[in-house]
Amino acid sequence: MASSLQNQQTTAEKRRSLQDQANKLYTNRKVFQDLIHGKIELHPVCVRIINTPQFHRLRYIKQIGTCYYVYPTACHNRFEHSIGVCYLAGKLVRKLKERQPDENITDVDILCVEIAGICHDLGQGPFSHVFEKKFMPEMGINFSHKATARKMFEYMLEYGDERTLKDEIQNILNECQFPRFEENDFEFIKEMIGDPKDISTGLWPYKGRTEDKSFLYEIVANDRNGVDVDKWDCLARDSHMLRLHMTLDYERCFTSARVIQSNGADGSNGNNDEHALVPRKQICYREKDAIDLYDMFYARLNLHRRAYQHKTHTVIGLMICDVLKAANDSILIGGKKITETVDDMEAFTLLTDDVLQLIMHKKKEEDSRGKDNEQLDRAYQLIQDIMNRRLYKCVFETHCKDKKLTKADVLDGLKNCLKDKGVPENFFIVDVVKFNYGMENRNPLEKVRFYKKDELDKTFKLTKEQVSFVLPDTFEERIIRIYCNMKDDSEKEIVLKVAEPFAKWCKDNQCTDPEVKFHQRKPNIRDLSQPEGSDTHGILYERTHKPLPEPSSGLSSLDQPRSYDGEGIDVRSQTTDQ
């Protein structure tokens, strides 16, 4: 009797403790109204991380960089995207805990994954991929936004005047009656946001969590197959803001996601040596969800084709890259050059998309002092060209069948085309654009594992034929775009000199006939008197103008629809009464 009474008291105390913890969390939480996910409720620790200068910096970095210069509605920032990833990461790991309690997912695990979601983009530079993929490589610097995100998180933990952020996190956890973080918990967060390691082969590479929780490393950023909450939020948010509505049902993936032990090949067992495929736990999906995953990868391809790799977006990115290169030695941010800020997180905190305004301000300041700075003048002029839409021109575009053709190969071929043409080698800019499903030319579901409803612990691969016979045979295409900074019509002559030898190079390298992309000058009224096919300023024109419709009775030419501004040339204003 006494034992039974004691058990009841213990149970009541546990319930009170859990209720006190829930009440503390409820009173210290924060609710955000998100454009994509609606109301988002975040843990107090996540709220404290949001309220730091390092995280608020993401308000000033556009989510899709220079796309904003092409799509005016693409004004969303890394700030709200990071909050969305935090929300989706917590939602997915809670679903897994609810569905599979035997996986021993703790509340600390959930919070660590949420913190990784909110901090995963802390290392993004100004204009995102322009900084990482164009500017830093051209400056000869190896830069990874993931590695920098880890450095920034480490810096944040020790940041503070009286108390460090690390101490504040522990105090918040105490106030909420939540388990305190151990050192391996902080290490776990750093591992999730840093450069990923291969967990499909070899010995277990991480220290934050043991091998039995390998699946937790694939929630925020999945290096194995690319199916992760970062991608889900990117695709949903970007397509909404671009007004390019895509077919994307990631909610279905939440309902079927399941942790199952499987290796990277066929689901069979492997040996735990240095090079063998190792059976480890990963997140798998119902076989009927395969088509939804294909839709996700196809949505990614469409966004790359219509926005991320849009040629105007790309050319503005190239110009901003040239701006940063020209201004690098003239602009100091936190006492550091632009390229040096990546090694100093205090300075990097100040580096955002606003660097263009900083360059213009510096130029005016130098002018007021009567100082000459050729490189700063060049950077300033490039910014003015961007703002006045005097952009580099895309002059050639060709599709290449050879999937191994690189930018260096194209540059070598272009140099040969320029021989004896009197054209400087740096006149042209080469860009090799890859459009794929996320796994280069491989089937994107090659490394995704599926299960059946009646066999919850057995995984298998699906071939694309098992999903649908109308899926593509190839999953990647490459487009070569050649740009140049044409300032006047005379420089079109240079392009036309190169057109024929470049077309021959394209034919020899399994590329389509290059399309000349620059806008040719349309003939004016004076040109109509010239013989058909005559050479006007070095460019051939054919007399293929469409006849104009006759005005309907009762309406003057001024009252007619604006179809007269179309393909034909309206010469009626030049005719005289008969």
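The residue numbers shown here count from 1 along each chain, following its written sequence. At least 70 in pLDDT is required for a residue's local features to be given in this predicted model, at least 80 for side-chain atom pairs to be given and counted, and no such filter applies to totals for whole chains, interfaces and linings, which use all residues. Hydrogen atoms and water are omitted, and side-chain values are computed over all heavy atoms in the structure.

1. Some points on helix α15 (residues 355-368)
Quick reminder of the rule: Secondary structure elements follow DSSP: runs of H or I no shorter than four residues count as helices, runs of E no shorter than two count as strands, and numbering proceeds from the N terminus. Expected span of a helix: the number of residues minus one, times 1.5 Å. Buried means the residue's accessible area, taken with a 1.4 Å probe over protein chains only, is under 20% of the maximum for its type, while exposed means over 50%, and partly exposed covers the values in between. Think of the arc as the fan of directions from the helix axis to the C-beta atoms. Throughout, a residue-residue contact means that at least one pair of heavy atoms, one from each residue, lies within 4.5 Å.
Along its 14 residues, α15 runs 20 Å from first to last C-alpha, staying within 8% of the 20 Å computed at 1.5 Å per residue. Within the span of α15, buried status applies to V355, L356, I359, M360, K363 and E366. The buried residues of α15 occupy an angular sector of 145° when the element is viewed end-on, so they sit on one face. For α15, the exposed residues lying more than 90 degrees away from the buried face are H361 and S368. Lining the buried residues of α15 we find α13 (311-327) and α16 (374-387).

2. Some remarks on the packing of helix α6 (residues 129-138) against α13
Quick reminder of the rule: Axis geometry follows a simple rule: fit a line to the C-alpha atoms, using only the stretch in contact for helices, then measure angles between N-to-C directions, giving values from 0 to 180 degrees. Angle categories are assigned with fixed cut-offs, so that under 35 degrees is roughly parallel, over 145 is roughly antiparallel, 65 to 115 is roughly perpendicular, and the rest are oblique. In this scheme the crossing of two helices becomes right-handed for a clockwise turn of the near helix relative to the far one and left-handed for an anticlockwise turn of less than a right angle.
Viewed as axis vectors pointing N to C, α6 and α13 meet at an angle of 45°, and their least axial separation amounts to 10 Å. Put simply, α6 runs oblique to α13. With respect to the hand of their crossing, α6 and α13 are arranged in right-handed fashion. Here V130, F131, K134, F135 and E138 of α6 come into contact with α13, specifically with G317, L318, I320, C321, L324 and K325.

3. A look at the layout of surface pockets
Cut-off, in case you're wondering: Here a cavity denotes a set of grid points, spaced 1 Å apart and computed over the protein atoms alone, in which a 1.4 Å probe fits but from which it cannot get out, and a pocket denotes an open set meeting protein on both sides within 12 Å along at least five of seven lines; residues with an atom within 4 Å of a point are reported as lining. Grid points are joined across faces, edges and corners, and a volume is the space filled by probe spheres set on the points. Ten residues, namely Ala, Val, Leu, Ile, Met, Phe, Trp, Tyr, Cys and Pro, are considered nonpolar, four, namely Asp, Glu, Lys and Arg, are considered charged, and the remaining ones, Gly among them, are considered polar.
In this structure, the second largest pocket encloses a volume near 560 Å³. The wall of the second largest pocket is formed by 19 residues, among which D322, N426, F427, F428 and I429 lie closest to the centre. Of the residues forming the lining of the second largest pocket, the biggest block, four residues, is contributed by helix α17 (residues 407-417). Of the residues in the lining of the second largest pocket, the class split is nine nonpolar, two polar and eight charged.

4. With respect to the sheet that holds strand β10 (residues 515-516)
What counts here: Here, a strand pair is defined by DSSP locating no fewer than two bridges between the strands.
Pairing is antiparallel across the open sheet formed by four strands, whose spatial order is β6-β9-β5-β10. This sheet does not close on itself; its edge strands, each paired only once, are β6 (428-436) and β10. Note that strand β5 (residues 393-400) and β10 share two bridges and pair antiparallel. Residue pairing for β10: E397 is matched across the bridge by E515. Packing of helix α12 (residues 290-308) onto the sheet brings it into contact with β6 and β9 (476-484), and relative to β6 it is tilted by some 160°.

5. Brief notes about the packing of aromatic side chains
When we look at a pair of aromatic rings, we describe it by the centre distance and by the angle of the planes. Basically, it comes down to this: In summary, the pairing rule links any two rings of Phe, Tyr or Trp, Trp by its six-membered ring, whose centres are within 6.5 Å, and it sorts them by plane angle into stacked for under 30 degrees, edge-to-face for over 60 and tilted for everything else.
What the rule picks out here adds up to 17 aromatic pairs. Here the aromatic rings of Y206 and Y217 are separated by 4.2 Å at their centres, their planes lie at 5°, and the arrangement is stacked. Separated by 11 residues along the polypeptide, Y206 in the loop between α9 (183-193) and α10 (229-242) and Y217 in the loop between α9 and α10 bring together distant segments of the chain. Residue Y217 is classed as buried on the basis of its relative accessible area, which comes to 9%.

6. Comments concerning the pattern of salt bridges
Put simply, the rule reads: Salt bridges are identified by distance alone: a Lys or Arg side-chain nitrogen within 4 Å of an Asp or Glu carboxyl oxygen.
With the rule as written, the count across this model stands at 35 salt bridges. Residue R252 pairs with D292 through a salt bridge whose shortest N-O separation is 3.0 Å. Here R252, found in helix α11 (residues 250-256), pairs with D292, found in helix α12; they are 40 residues apart in sequence, far enough to count as distant. Overall, the relative accessible area of 30% leaves R252 in the partly exposed class. Under the relative-accessibility criterion, D292 is labelled buried at 15%. A salt bridge links K504 to D508, with the shortest nitrogen-to-oxygen separation between them at 3.2 Å.

7. Focus: the sheet that holds strand β3 (residues 258-262)
In spatial order, the strands read β3-β4-β7-β8; together these four strands make up an open sheet with mixed pairing. Both edges of this open sheet fall to β3 and β8 (455-460), since each of them pairs with a single strand only. Taken pair by pair, the neighbouring strands of this sheet meet at an average axis angle of 50°, ignoring direction. Bridge count between β3 and strand β4 (residues 280-286): five bridges; the pairing is antiparallel. Of the residues in β4, the one forming a bridge with Q261 is K281.

8. A word on α17
Restricting attention to buried positions, one finds in α17 the residues V410, G413, L414 and C417. In an axial view of α17, the angular spread of the buried residues amounts to 100°, which keeps them on one side of the axis. Those residues of α17 that are buried lie in contact with β6, β9 and α19 (492-508).

9. As for the nonpolar core
A general feature of soluble globular proteins is that nonpolar side chains tend to end up buried together. What counts here: By nonpolar core is meant a set of buried Ala, Val, Leu, Ile, Met, Phe, Trp, Tyr and Cys residues that side-chain atoms within 4.5 Å join together.
Counting residues in each nonpolar core, the largest one holds 131 residues, and the members touching the most others are I115, I118, F181, I219, W232 and Y285. Look past the residues within four positions of I219 in its chain and what remains in contact with it is A89, L92, V93, L96, V113, D228, V229 and I283. F396, F428, I482 and C484 belong to the second-largest nonpolar core, a separate cluster that totals 25 residues.

10. Here's the deal with the confidence of the model for the chain
Just so we agree on the cut-off: As a per-residue quantity, pLDDT reports the predictor's confidence and falls between 0 and 100.
Put simply, the chain has an average pLDDT of 84, and 83% of its residues get 70 or more. Low confidence marks residues 265-274, where pLDDT is under 50. Its contacts with residues over four positions away, or in another chain, come to 23 contacts. When the criterion is pLDDT under 50, residues 522-578 qualifies, and its contacts beyond four places in sequence or with other chains add up to 54 contacts.

11. Some thoughts on the side chain of R258
As a reminder, the rule being used: A positive count includes Lys and Arg, and a negative count includes Asp and Glu. His and the chain ends are not counted in either.
Within the fold, R258 resides in strand β3. For the buried R258, no salt bridge is present, and the opposite-charge side chain at shortest range is D457, 4.4 Å distant. With sequence-adjacent residues up to four places away left out, R258 is seen in contact with L96, R99, Q100, Q282, I283, C284, Y451, L456 and D457.

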